[in-house]
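Below, each chain spelled out in residue letters.
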Amino acid sequence: MTNSMQGSKDRVVIFDTTLRDGEQSPGATMTFDEKLAVAETLDAMGVDIIEAGFPIASNGDFEAVSEIARRAKRATIAGLARAIPADIARAGEAVRHAQRGRIHTFVSTSEIHLTHQMRKTQDEVVEIILKTVAQARDLVEDVEWSAMDATRTDIDYLCRCVEAAIRSGATTINLPDTVGYATPQEYGAMFRSVRERVPNSDKAVFSVHCHNDLGLAVANSLAGLDGGARQIECTINGIGERAGNAALEEVVMAIRTRSDVMPYETGIDTTMLTRASKLVSHAANFPVQYNKAIVGRNAFAHESGIHQDGMLKHSETYEIMTPASVGLTKTSLVMGKHSGRAAFRSKLTELGISLSDNQFQDVFERFKDLADRKKNVYDEDIEALVDEKLATAHD
Ligand code: KIV
Ligand code: ZN
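Residues numbered from 1 in each chain as written. Chains lettered and ligands numbered in written order. Predicted model: local features only at pLDDT ≥ 70, side-chain atom pairs only at ≥ 80, totals over all residues.

Q: Help me understand the overall build of the chain in this model?
A: Looking only at helices and strands, one finds 14 helices and ten strands in the chain. The C-alpha radius of gyration of the chain comes to 22 Å, within 12% of the 21 Å expected for a compact globule of 395 residues. On the principal axes, the C-alpha backbone points of the chain span a range of 70 × 50 × 35 Å. Looking at the chain residue by residue over its 395 residues, the buried ones come to 44%. Residue pairs at least 24 apart in sequence account for 72% of intrachain contacts in the chain once pairs closer than 6 positions are excluded. (Helix = DSSP H or I, 4+ residues; strand = E, 2+ residues; numbered from the N terminus. Rg over C-alpha atoms; globule rule 2.2 N^0.38 Å. Buried ≥ 20, exposed ≤ 12 C-beta atoms within 10 Å, placed from the backbone. Contact = placed C-beta atoms within 7 Å.)

Structure representation (structure tokens):
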């Protein structure tokens, strides 16, 4: 495909918050080991920053963030903290062993949050920002500050808060669309306006963080880049509070596939996207919708005769990305009663499933029984066998 913008790309930082905002999806709690496995995959696929958790939230979260910080090879590890001294101290302690650690601290800035939730005045919140960002900066070099509910905040006040955060040492400024309210035009304009009006804005990297309440999280994230942001906060499979966050696989593949019109690039190895999606889906016990962009079961499936006819003649007739570019192979092992252990093990790896030897043996025997009764054994059948096995193991 033609690429008129090649060679003049701005590197966009990918900040993954699957283990923090993603885990805030109702029912998506992950175990310590599952979190380590997800973090290892994110690190290997080139995620720049992994938000590993909210250390003050529980001892489990603290331990997970600390261990991920110790193990990370390439990524910066971030811990979330409210604008409260104890939170910031705990986040600083959790990321202490990281090669690169970040404290991500946030406070609400919208009038509706200040009046009804925080019960603080605008001046009081500015004081809090000055103190808490400075405290974080005493602990680590890399401090991100977020204006919660930025998109419903008065723009003059938002600029005042951003200026204070940068003055106190914030190196990244995140302007979240916390409730998924903004339109792409508004979101891009907010970044343009804040960056133009805040005198020290060039001292920080600006970041987008979009929720999907109106289905606009990815569009808004890309609009934020056009407004000058250079960090995207996102989650695998778009999991997150309520309708979720911008999906990492979607923003990354949009930037890659439409590099003809977008002057950006990321450091993500996109061939790991499918594996990461399956791993997170299993770990968080959160199914991926069949027609989900990039990683859904139907994303590269063709049903109608016209489409199949086109695909047989040339794959670009109905596919704008190759399956290989997201880690799917066209040739998949057909699982049946003649399949052996090696093929079954390889199928599990492809599905992002990892089992102990005993679990593997048991699931393999169940699979053989099923294959005797059923002509075609689909991936979902195997996933169901594994889920059944893991559910009985937990009982
Ligand atoms: O959506 C949001 O505002 C958040 C902040 C904690 C960054 O998740
Ligand atoms: Zn969020």
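After that view, the rundown keeps rolling.
Q: What exactly am I supposed to notice about the environment of Ala37 here?
A: Positionally, Ala37 belongs in helix H1 (residues 32-44). Between the alpha carbons of Ala37 and Leu279 there is a distance of 8.2 Å; along the sequence they are 242 residues apart. The residues touching Ala37, leaving out its near neighbours within four places in the chain, are Leu279 and Ala283.

Q: Any chance you could explain the nonpolar core here in plain terms?
A: Soluble globular proteins: nonpolar side chains tend toward being buried together. The biggest cluster of nonpolar side chains holds 97 residues, and the ones touching the most others in it are Ile50, Ala52, Ile77, Val95, Ala165 and Val251. Excluding anything up to four places from it in sequence, Val251 contacts Val218, Ser221, Leu222, Ile232, Cys234 and Ala246. In this structure, Phe344, Ile353, Ile382 and Leu385 belong to the second largest nonpolar core, which totals eight residues. (Core = buried A, V, L, I, M, F, W, Y, C linked by C-beta atoms within 7 Å.)

Q: When you look at the UniProt feature "binding site: Mn(2+)" (unreviewed entry) in the chain in this model, what are you seeing that I'm missing?
A: Cross-referencing UniProt, the feature "binding site: Mn(2+)" (unreviewed entry) maps to Asp21, His209, His211 and Asn245 in the present numbering. Separation in sequence by 225 residues is not matched in space for these annotated residues, since their most distant C-alpha atoms are only 10.3 Å apart. Tracing the chain through its elements places His211 in the loop between strand S8 (205-210) and helix H8 (217-226). Setting aside anything within four residues of it in sequence, one finds His211 in contact with Asp177, Thr178, Val179, Gly180, Ala217, Gly240, Glu241, Arg242, Ala243 and Asn245. Examined against the element boundaries, Asn245 turns out to sit in the loop between strand S9 (231-234) and helix H9 (248-257). Beyond its immediate stretch of four places on either side in the chain, Asn245 contacts Thr17, Asp21, Gly22, Cys210, His211, Asn212, Ala217, Cys234, Thr235, Gly238 and Gly240. (UniProt positions renumbered as here; feature names shortened; annotations may be inferred.)

Q: Is there a simple way to explain the sheet that holds strand S3 (residues 49-53) in this structure?
A: In a beta sheet, neighbouring strands are held together by backbone hydrogen bonds and run either parallel or antiparallel to one another. Strand order in the closed barrel formed by eight strands is S2-S3-S4-S5-S6-S7-S8-S9, and the pairing between neighbours is parallel. Across the sheet, the axes of successive neighbouring strands diverge by a mean angle of 25 degrees, strand direction being ignored. Where strand S7 (residues 172-177) lies against S8, six bridges are found, and the strand directions are parallel. Paired with Pro176 across the bridge in S8 is His209. Contacts from helix H5 (residues 122-139) reach strand S5 (101-108) and strand S6 (142-148) within the one sheet, and its direction differs from that of S5 by about 170 degrees. (Pairing = 2+ DSSP bridges. Axes fitted to C-alpha atoms, helices over the stretch in contact; angles between N-to-C directions.)

Q: I tried to follow the site of ligand 1 on my own but got confused; where do I start?
A: Ligand 1 sits among Asp21, Phe106, Ser146, Met148, Asn174, Pro176, Thr178, His209 and His211. Every element with two or more residues in the shell around ligand 1 is listed here: S6 and S7. Across the shell around ligand 1, the residue classes break down as three nonpolar, five polar and one charged. (Near = placed C-beta within 6 Å. Nonpolar A, V, L, I, M, F, W, Y, C, P; charged D, E, K, R; others polar.)

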